[in-house]
Amino acid sequence: MFLTNLGSQFNYVRVFSNLFNTRRLLSLLCSLPLEYFLNLKLTSFPLCINLLVTMRCNANCKMCFFKLNKDHDYEELNLNEIRKMLEKVKHRRPTIFIGGGEPFLREDILEIIELIHFYKLKCGMVTNGTLLSDEKIEKLMRLQIDSLIFSLHGPALVHDSITQNKGGFERLIDTIEVTSKNKKKTKLILNCVINPDNYLFIEEVVEIAQKVNVDLVRFEHLVFMTKSELKKNDEIINKKFPHLNFRFSTHKYELENRIDTEKFTHLIRKVKKKYGSFVIFKPLLNDVELKKWYSSDLCSFRRCFFLWHSIFVLPNGNVIPCQFLQDYILGNLLVDDLEAIWQGDRLNKLRQIIRKQPLPGCSRCCKL
């Protein structure tokens, strides 16, 4: 099990090798095992800061867990506030990965990327690709963003049905084709979140990816909890964190008979054999794990290393451990120092709990 877990982490590094400062990455590979297994209280500064610049989105994807948090009315850090944050962390050489929501709903998104590169930091971004004009694509490629991930969830009818955004597939494909023609050093990746509506179309997604000339296709297994897992998870949270009111931002699914794991396993084998390293799955699951992942009988023994190397920042500057714990606020970058947040008691307490045994809500995490 540990070797499979390690293989998943290696996949992540392989895919995004160009997105990290080489010295920082090598340093982390040496320090993280010691910090994790020796249970050290001080940990190396985050390798990656995931900056969610907005929660606004022009799509309404059926499996998007961010929809669960639409009751949050997030203000957004302005360009000057983002500049101050980058000024404070630049000497640490973290990678800045931009997400959302849909980042291109911010009129200043290209200025944010330009600012990140001004501080000589690596930068990646995920987008649904429907809001980029040819002019924006040309400027984005001139900025030479290191990695650009496009969200594509199936052939035209399937994709538009899942995103509930009519014509989104056609606009996305146009964007990818123009981007591919204009790119210099940018690594282009297609990302597809597996769900009951598209799991039988993964080979079609790979064929589309080849036609539009991207560098890689990544399939993410669905992150969810069953009702029984949710109940167990809440019981543990109430016991471990009696004075905190927080929840996991994951969908609640009962997927029995909605995903045929025998057929899906066979299809994955076929795709891996046919397309090789052009395709990866996140996380990397063996056949037994795959069947359990999409059942109500999952008890993952994998280890979470994410809390030891990365962090998330919400649009308003609130810092959270990962995107599935949006209510577990560690601090705010407008008033708190990121180093203090990273080494703080609240995050260390969560690390101690996760290190012993991931919470039920963590069992189907895409980062395992």
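Since the model is a prediction, treat every value here as computed from it, not as a measurement.

Definitions and limits used
Residues numbered from 1 in each chain as written. Predicted model: local features only at pLDDT ≥ 70, side-chain atom pairs only at ≥ 80, totals over all residues. Heavy atoms only, no water. Core = buried A, V, L, I, M, F, W, Y, C linked by side-chain atoms within 4.5 Å. Buried < 20%, exposed > 50% of the residue type's maximum accessible area, 1.4 Å probe, protein only. Contact = heavy atoms within 4.5 Å. Patch = residues over 30% accessible without salt bridge, like charges linked within 9 Å, V, L, I, M, F, W, Y side chains within 5 Å. Areas by Shrake-Rupley, 256 points an atom, 1.4 Å probe, with all protein chains shown as cover. Salt bridge = Lys/Arg side-chain N within 4 Å of Asp/Glu carboxyl O. Lys, Arg positive; Asp, Glu negative; His and termini not counted. Charge placed at Lys NZ, Arg CZ, Asp CG, Glu CD. Helix = DSSP H or I, 4+ residues; strand = E, 2+ residues; numbered from the N terminus. Expected span 1.5 Å × (residues − 1). Pairing = 2+ DSSP bridges. Right-handed = clockwise from strand over helix to strand, strands pointing away. 1 Å grid on protein atoms, 1.4 Å probe; cavity = no way out; pocket = protein on both sides within 12 Å on 5 of 7 lines; lining within 4 Å. Points joined across faces, edges and corners; volume = space filled by probe spheres on them. Nonpolar A, V, L, I, M, F, W, Y, C, P; charged D, E, K, R; others polar. Phe/Tyr/Trp six-rings, centres within 6.5 Å; stacked < 30°, edge-to-face > 60°. Axes fitted to C-alpha atoms, helices over the stretch in contact; angles between N-to-C directions. Parallel < 35°, antiparallel > 145°, perpendicular 65-115°, else oblique.

### Regarding the nonpolar core
Okay, step 1: Grouped together as the largest cluster of nonpolar side chains are 127 residues, with contacts concentrated most on I113, L140, F219 and Y294.
Okay, step 2: Residues within four places of Y294 in sequence aside, it is in contact with I194, H221, L222, F224, L255, I259, T261 and F264.

### Considerations on a negative patch on the surface
Okay, step 1: A grouping of D134, E170, D174 and E177 is seen on the molecular surface, where their side chains present a negatively charged patch.
Okay, step 2: Among the elements that make up the negative patch, the one with the highest residue count is helix 7 (residues 168-182) (3 residues).
Okay, step 3: Within the element layout of this structure, E170 appears in helix 7.

### Re helix 13 (residues 345-356)
Okay, step 1: When the terminal C-alpha atoms of helix 13 are compared, their 17 Å separation across 12 residues agrees well with the 16 Å that a helix rising 1.5 Å per residue should span.
Okay, step 2: Taken as a whole, helix 13 has its buried residues at L347, N348, L350, R351, I353 and I354.
Okay, step 3: Looking at the packing, one finds that the buried side of helix 13 touches helix 9 (227-240), strand 10 (310-313) and helix 12 (338-342).

### Focus on the sheet that holds strand 2 (residues 95-99)
By way of backbone hydrogen bonds, the strands of a sheet pair with one another, either parallel or antiparallel.
Okay, step 1: Ordered in space as 9-6-5-4-3-2-1-10-11-12, the 10 strands form an open sheet in which the pairing is mixed. Each end of this open sheet is capped by a strand with a single partner; those strands are strand 9 (279-282) and strand 12 (331-332).
Okay, step 2: Bridge count for strand 4 (residues 147-151) against strand 5 (residues 187-193) is 5 bridges, and the pairing is parallel. Its bridge partner being in strand 5, F150 is matched across the sheet by L190.

### Describing the pairing of strand 4
Okay, step 1: Across the 5 residues of strand 4, 5 count as buried, placing the element largely inside the fold.
Okay, step 2: Burial along strand 4 is two-sided: S147, I149 and S151 and L148 and F150, pointing in opposite directions, are all buried.
Okay, step 3: Regarding the hand of the β-α-β motif, the stretch spanning strand 3 (residues 123-127), helix 5 (residues 134-142) and strand 4 is right-handed.

### What about the environment of K272?
Okay, step 1: Within the secondary structure layout, K272 lies in helix 10 (residues 261-275).
Okay, step 2: For K272, a relative accessible area of 32% gives the class partly exposed.
Okay, step 3: C-alpha separation for the pair K272 and Q357, spaced 85 residues apart in sequence, amounts to 31 Å.
Okay, step 4: Residues in contact with K272, not counting those within four places in the same chain, are F281 and L284.

### Quick notes on empty space enclosed by the protein
Okay, step 1: This model, assessed by the stated rule, comprises 1 cavity of 30 Å³ or more.
Okay, step 2: Volume-wise, the largest cavity comes out at about 140 Å³.
Okay, step 3: Along the walls of the largest cavity sit 16 residues, with C304, L307, C322, C362 and C365 positioned nearest its centre.
Okay, step 4: Looking at the lining of the largest cavity, its residues break down into 13 nonpolar, 2 polar and 1 charged.

### Remarks on the packing of aromatic side chains
Okay, step 1: Summed over all chains, the structure comprises 10 aromatic pairs.
Okay, step 2: Relative to F264, the ring of Y199 lies with its centre 5.5 Å away and its plane at 80°, an arrangement referred to as edge-to-face. Taken together, the residues span a long stretch of sequence, with Y199 in the loop between strand 5 and helix 8 (202-211) and F264 in helix 10 at a distance of 65 residues. Note on accessibility: Y199 and F264 belong to one class, buried.

### A short note on the pattern of salt bridges
Okay, step 1: Per the counting criterion, the structure on display carries 15 salt bridges.
Okay, step 2: We note a salt bridge from D215 to K183, for which the minimum N-O separation is 2.8 Å. With D215 in the loop between helix 8 and strand 6 (216-220) and K183 in the loop between helix 7 and strand 5, this residue pair connects regions lying 32 residues apart in the sequence.
Okay, step 3: The partly exposed category is assigned to D215, whose relative accessible area is 33%.

### Here's the deal with a nonpolar patch on the surface
Okay, step 1: Where nonpolar side chains cluster on the molecular surface, the patch consists of L34, L38 and L40 and spans about 290 Å² of accessible area.
Okay, step 2: Topologically, L34 is positioned in helix 2 (residues 22-37).
Okay, step 3: Take L34: its relative accessible area is 48%, and that puts it in the partly exposed class.

### Considering the packing of helix 6 (residues 156-163) against helix 7
Working note: a packed helix pair is described by the angle between its axes plus the distance between those axes.
Okay, step 1: Helix 7 packs onto helix 6 with a crossing angle of 110° between their chain directions and a minimal axis gap of 8 Å. Put simply, helix 6 runs roughly perpendicular to helix 7. Along its contact with helix 6, which presents A156, H159 and D160, the element helix 7 presents G168, F169 and L172.
Okay, step 2: Looking at side-chain class alone, the contact of helix 6 with helix 7 contains 3 nonpolar, 2 polar and 1 charged residues.

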